[in-house]
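# Overview (structure and organization)
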Amino acid sequence: MSNSILDDGGDFQTRKVGPDQYEMHIPIPTNDGLVGRECPNAECSPGYFKVKLGTGLTEGQVLAYCPYCRQEGEPNDFTTQAQIDYALSVLKNEVVKGIDKSFQKALGLGSSHKKTYGSGMFKMEMTYKSSKPDYVPRPLEEELRRDIICPNCGLEHAVFGLATWCPDCGKDIFMCHVETEFGVIQKVLSIVDKRREELGARVAGRDIENGLEDVVSVFEAVLKIITIKHLANNGMSHDEISKRLEKIRNSYQNINSAGETFHAQTGLDLFHNTSQDEVETLRTIFEKRHPLTHNLGVVDKKYLERVRTGDTEGREIQVTAQEVEIAIGISKKIISSVYNLCT
Ligand SMILES: [Zn+2]
Ligand SMILES: [Zn+2]
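Residues numbered from 1 in each chain as written. Chains lettered and ligands numbered in written order. Predicted model: local features only at pLDDT ≥ 70, side-chain atom pairs only at ≥ 80, totals over all residues. Heavy atoms only, no water.

### Describing the packing of helix α2 (residues 174–190) against helix α4 (residues 201–233)
Contact geometry of α2 with α4 gives a least axis separation of 9 Å together with a crossing angle of 170 degrees. With respect to their mutual orientation, α2 and α4 come out roughly antiparallel. Within the contact between the two elements, α2 uses Phe174, Val178, Glu181, Phe182, Ile185, Val188 and Leu189 and α4 uses Asp207, Ile208, Gly211, Asp214, Val215, Val218, Val222, Ile225 and Ile226. Residue composition of the contact of α2 with α4, by class: twelve nonpolar, one polar and three charged. (Axes fitted to C-alpha atoms, helices over the stretch in contact; angles between N-to-C directions. Helix = DSSP H or I, 4+ residues; strand = E, 2+ residues; numbered from the N terminus. Parallel < 35°, antiparallel > 145°, perpendicular 65-115°, else oblique. Contact = heavy atoms within 4.5 Å. Nonpolar A, V, L, I, M, F, W, Y, C, P; charged D, E, K, R; others polar.)

As structure tokens, then:
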């Protein structure tokens, strides 16, 4: 009788490499060819990303990087817990199948899995019931992701928040992520006319309002990240930076307070590369968001005090897809010039 539990070959290219040692290749299931990766630093958030095998550095890659915190390690260090669990459950099933087979062979059970001893009055029947292999779940991976291609090494990957570093070449591709964030809003805006035709003016209007809301959110989130980077580069502790962030609160949502707060925190001029006209345009568009958000699109007195646009109190406020596009253009200009200053 062979003492091998696992046969050579098969789906997983199993190979016996020692008296009690086997080698198996268990492919991790992918979505769109992307494989999930997890930052080895437990404190890193969100810490999870995906890479497309065969893109980026395809030969001799010694180190890989976390796109969020730039923790470096061997590519294998980024295996996710779900993938380890998956591989272990596949392995367990193979071993259970192998043991089943060995048992049946040792007991001399045929394909019927039954053996009968004796005859007449004394008869003993032996039946062997195989244990059922466990159901193997595929590794769970979220669908809320941003797909990106590194302009430096060509790695196709996906992240689940604003990231900075390329997982393969380790280069700073933050502005590429910012572009992608705004690109998602632009995609929504690009089909507004179709949505208006198919679903009516109110739905199209809400798409535009949500688009503006998203532009302000991206602007705010990106400025916070740039502020954190600047303070960290200047040697400020993690705790001190957290305290500073509490003070910033939501002041980056408004163009006037954004300029003041950014200067107070970093000593830098947020609009150093932007014309007065552009700053004013962005301020006006951003401020349309407040009445839209808090008053279901109806202009209130507070809004009129801040912006003199000719909109009459009580009338539905208008924000156009074109204005949201303009806001994206100016926001990107401000962000990229200030990012260059800070890094
Ligand atoms: Zn990380
Ligand atoms: Zn790269």
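So that's the structure; there's more coming.
### As for the coordination of the zinc ion (ligand 1)
The expected angle between donors at a tetrahedral four-coordinate metal is 109.5 degrees. At an octahedral six-coordinate metal it is 90 or 180 degrees. Surrounding the zinc ion (ligand 1) are the protein donor atoms Cys39 (SG), Cys44 (SG), Cys66 (SG) and Cys69 (SG), which sit 2.3 Å from the metal. One can describe the donor arrangement at the zinc ion (ligand 1) as tetrahedral, given that its four donor atoms subtend angles of 106 to 114 degrees at the metal. Written as a sequence motif, the donor residues of the zinc ion (ligand 1) are C-x4-C-x21-C-x2-C. With a gap of 30 residues between them, Cys39 in the loop between β3 (34–38) and β4 (48–52) and Cys69 in the loop between β5 (64–65) and β6 (72–73) connect regions that are remote in the sequence. (Donors = N, O, S within 2.8 Å, 3.2 Å for Na, K, Ca; no water. Tetrahedral: all angles 85-135°; square planar, octahedral: opposite > 155°, others 65-115°.)

### Here's the deal with the coordination of the zinc ion (ligand 2)
For the zinc ion (ligand 2), the full set of protein donor atoms is Cys150 (SG), Cys153 (SG), Cys166 (SG) and Cys169 (SG), at a range of 2.3 to 2.4 Å. Taken together, the four donor atoms coordinating the zinc ion (ligand 2) span angles of 104 to 116 degrees at the metal, a pattern that classifies the geometry as tetrahedral. Linear spacing of the donor residues for the zinc ion (ligand 2) on their chain is C-x2-C-x12-C-x2-C. Here Cys153 is found in the loop between β9 (146–149) and β10 (156–159), whereas its partner Cys169 is found in the loop between β10 and α2, with 16 residues between them in sequence. Like Cys169, Cys153 is buried. (Buried < 20%, exposed > 50% of the residue type's maximum accessible area, 1.4 Å probe, protein only.)

### Focus on the nonpolar core
Counting 38 residues, the largest nonpolar core has Phe219 and Ile226 as its most contacted members. Mapped onto this core, the elements with two or more residues apiece are α2, α4, α6 (255–266), α7 (276–287) and α10 (321–342). With ten residues, the single largest contributor to this core is α4. Setting aside residues up to four positions removed in sequence, Ile226 forms contacts with Phe174, Phe262, Ile335, Val338, Tyr339 and Cys342. Within the second largest apolar cluster, 18 residues are counted, among which are Cys39, Cys44, Cys66 and Cys153. (Core = buried A, V, L, I, M, F, W, Y, C linked by side-chain atoms within 4.5 Å.)

### Some thoughts on the layout of surface pockets
Rolled over the atoms, a probe with the dimensions of a water molecule shows which regions are left empty. Here the largest pocket defines a volume of roughly 770 Å³. Lining the largest pocket are 23 residues, with Tyr68, Cys69, Ile228, Lys229 and His238 positioned closest to its centre. Contributions of two or more residues to the lining of the largest pocket are made by α4 and α5 (238–248). For the lining of the largest pocket, the element with the most residues is α4, which contributes five residues. (1 Å grid on protein atoms, 1.4 Å probe; cavity = no way out; pocket = protein on both sides within 12 Å on 5 of 7 lines; lining within 4 Å. Points joined across faces, edges and corners; volume = space filled by probe spheres on them.)

### Examining the sheet that holds β10
Working definition: the strands of a sheet are paired by backbone hydrogen bonds and lie parallel or antiparallel to each other. Sheet architecture is open: four strands sit in the order β3-β4-β10-β9, paired in antiparallel fashion. Looking at the sheet topology across the chains shown, the edges are occupied by β3 and β9. Between one strand and the next, the sheet's axes are offset by a mean angle of 30 degrees, whatever the strand orientation. Strand direction decides the pairing type here: β4 and β10, joined by three bridges, are antiparallel. Looking at β10, one finds that Lys50 is bridged to Ala158. Against the sheet, α2 engages β9 and β10, with an angle of about 135 degrees to β9. (Pairing = 2+ DSSP bridges.)

### Things to note about the pairing of strand β1 (residues 15–18)
Pairing of β1 with strand β2 (residues 21–23) involves three bridges; the strand directions are antiparallel. Note on β2: the bridge partner recorded for Lys16 is Tyr22. Between β1 and β2, which pair antiparallel one after the other, the connecting turn spans two residues.

### Points about a nonpolar patch on the surface
On the surface, Ile5, Ile99 and Phe103 cluster together into a nonpolar patch covering about 240 Å² of accessible area. Along the chain, Ile99 turns up in helix α1 (residues 81–106). Judged by its relative accessible area of 34%, Ile99 falls in the partly exposed class. (Patch = residues over 30% accessible without salt bridge, like charges linked within 9 Å, V, L, I, M, F, W, Y side chains within 5 Å. Areas by Shrake-Rupley, 256 points an atom, 1.4 Å probe, with all protein chains shown as cover. Salt bridge = Lys/Arg side-chain N within 4 Å of Asp/Glu carboxyl O.)

### Some details on α1
What sets the pattern is the α-helix's 3.6 residues per turn: residues three or four places apart point alike. The terminal C-alpha atoms of α1 lie 37 Å apart, and with 26 residues this matches the ideal 38 Å at 1.5 Å per residue to within 8%. In this fold, the buried residues of α1 make contact with β3. (Expected span 1.5 Å × (residues − 1).)

### Side note on the pattern of salt bridges
Applying the stated criterion across every chain, the model contains 15 salt bridges. Here Arg15 makes a salt bridge to Glu23, at a shortest N to O gap of 3.5 Å. The residue Asp193 makes a salt bridge to Arg196 at a minimum N-O spacing of 2.9 Å. Here Asp193 and its partner Arg196 are both found in helix α3 (residues 192–199), three residues apart, which amounts to about one turn of the helix. The exposure class of Arg196 is partly exposed, given its relative accessible area of 36%. A single network of salt bridges, built from pairs that share partners, joins Arg202, Arg206 and Glu209.

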